[in-house]
Amino acid sequence: DVLQKEYNGDLQPLMKGSLSNLVAKTFKIIAKKRVFIPGKFANAHQQACVKCALRANEGLLYPLEKQFVFIHKPPVLVRFDEIE
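The following paragraphs examine the structure supplied in this document.

Criteria and thresholds
Residues numbered from 1 in each chain as written. Predicted model: local features only at pLDDT ≥ 70, side-chain atom pairs only at ≥ 80, totals over all residues. Heavy atoms only, no water. Salt bridge = Lys/Arg side-chain N within 4 Å of Asp/Glu carboxyl O. Buried < 20%, exposed > 50% of the residue type's maximum accessible area, 1.4 Å probe, protein only. 1 Å grid on protein atoms, 1.4 Å probe; cavity = no way out; pocket = protein on both sides within 12 Å on 5 of 7 lines; lining within 4 Å. Points joined across faces, edges and corners; volume = space filled by probe spheres on them. Nonpolar A, V, L, I, M, F, W, Y, C, P; charged D, E, K, R; others polar. Helix = DSSP H or I, 4+ residues; strand = E, 2+ residues; numbered from the N terminus. Pairing = 2+ DSSP bridges. Axes fitted to C-alpha atoms, helices over the stretch in contact; angles between N-to-C directions. Expected span 1.5 Å × (residues − 1). Arc of directions from axis to C-beta. Contact = heavy atoms within 4.5 Å.

With that settled, the discussion passes to the pattern of salt bridges. In total, this model carries two salt bridges according to the counting rule given. Of the charged contacts in the structure, one is a salt bridge between Arg 79 and Asp 81, with a shortest N-O distance of 3.2 Å. Between Glu 82 and Arg 79 there is a salt bridge, and its shortest N-O distance comes to 3.9 Å. A residue is classified by how much of its surface remains accessible, and Arg 79, at 39% relative accessible area, is partly exposed. Within the structure, one salt-bridge network assembled from shared partners comprises Arg 79, Asp 81 and Glu 82.

Here it is, written out as structure tokens:
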């Protein structure tokens, strides 16, 4: 089958799990790039991010395992070891 040959069996015709995990896994396999997934952080509204502003841009800040991702145009990746 095509899935077996192209993706070494990593993609299946039927996969189970949460929609967000399935989309992330599919993107990772097809694009062959690392996908960032929010960790266990949740704000008071049970969301994986907080609203914040970076310079004059308002956006969403996602705490990950080893870094923050600020989502706006353009997205900004801030590694914990870069923070003083």
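Now that the structure is up, let's keep going.
Further remarks concern the layout of surface pockets. Here the largest pocket defines a volume of roughly 160 Å³. Along its surface, the largest pocket is lined by Arg 34, Val 35, Phe 36, Ile 37, Pro 38, Gly 39, Leu 64, Glu 65, Lys 66 and Gln 67. When grouped by side-chain class, the residues that make up the lining of the largest pocket number five nonpolar, two polar and three charged.

What follows covers the environment of Val 2. Along the chain, Val 2 turns up in helix H1 (residues 2–7). In this structure Val 2 comes out as exposed when scored by relative accessible area, which is 59%. Residues Val 2 and Pro 13, spaced eleven residues apart in sequence, show a C-alpha to C-alpha distance of 10 Å.

Here the focus is the sheet that holds strand S1 (residues 50–54). Read from one edge of the open sheet, four strands run S1-S2-S3-S4, paired in antiparallel fashion. Two strands lie at the open edges of the sheet, namely S1 and strand S4 (76–79), each paired on one side alone. In this sheet, neighbouring strand axes are inclined to one another by 35° on average, regardless of whether the strands run parallel or antiparallel. Pairing of strand S3 (residues 67–71) with S4 involves four bridges; the strand directions are antiparallel. Considered in S4, the bridge of Phe 70 is made with Val 76.

Before going further, it helps to spend a moment on helix H2 (residues 19–31). End to end, H2 covers 18 Å across 13 residues, agreeing with the expected 18 Å (1.5 Å per residue, within 8%). All buried positions along H2 are accounted for by Leu 22, Ala 24 and Ile 29. Along H2, the residues classed as buried sweep out an arc of 165° about the axis, all on the same side. In H2, the exposed positions angled more than 90 degrees off the buried face are occupied by Leu 19, Ser 20 and Phe 27. The secondary structure elements touched by the buried residues of H2 are H1.

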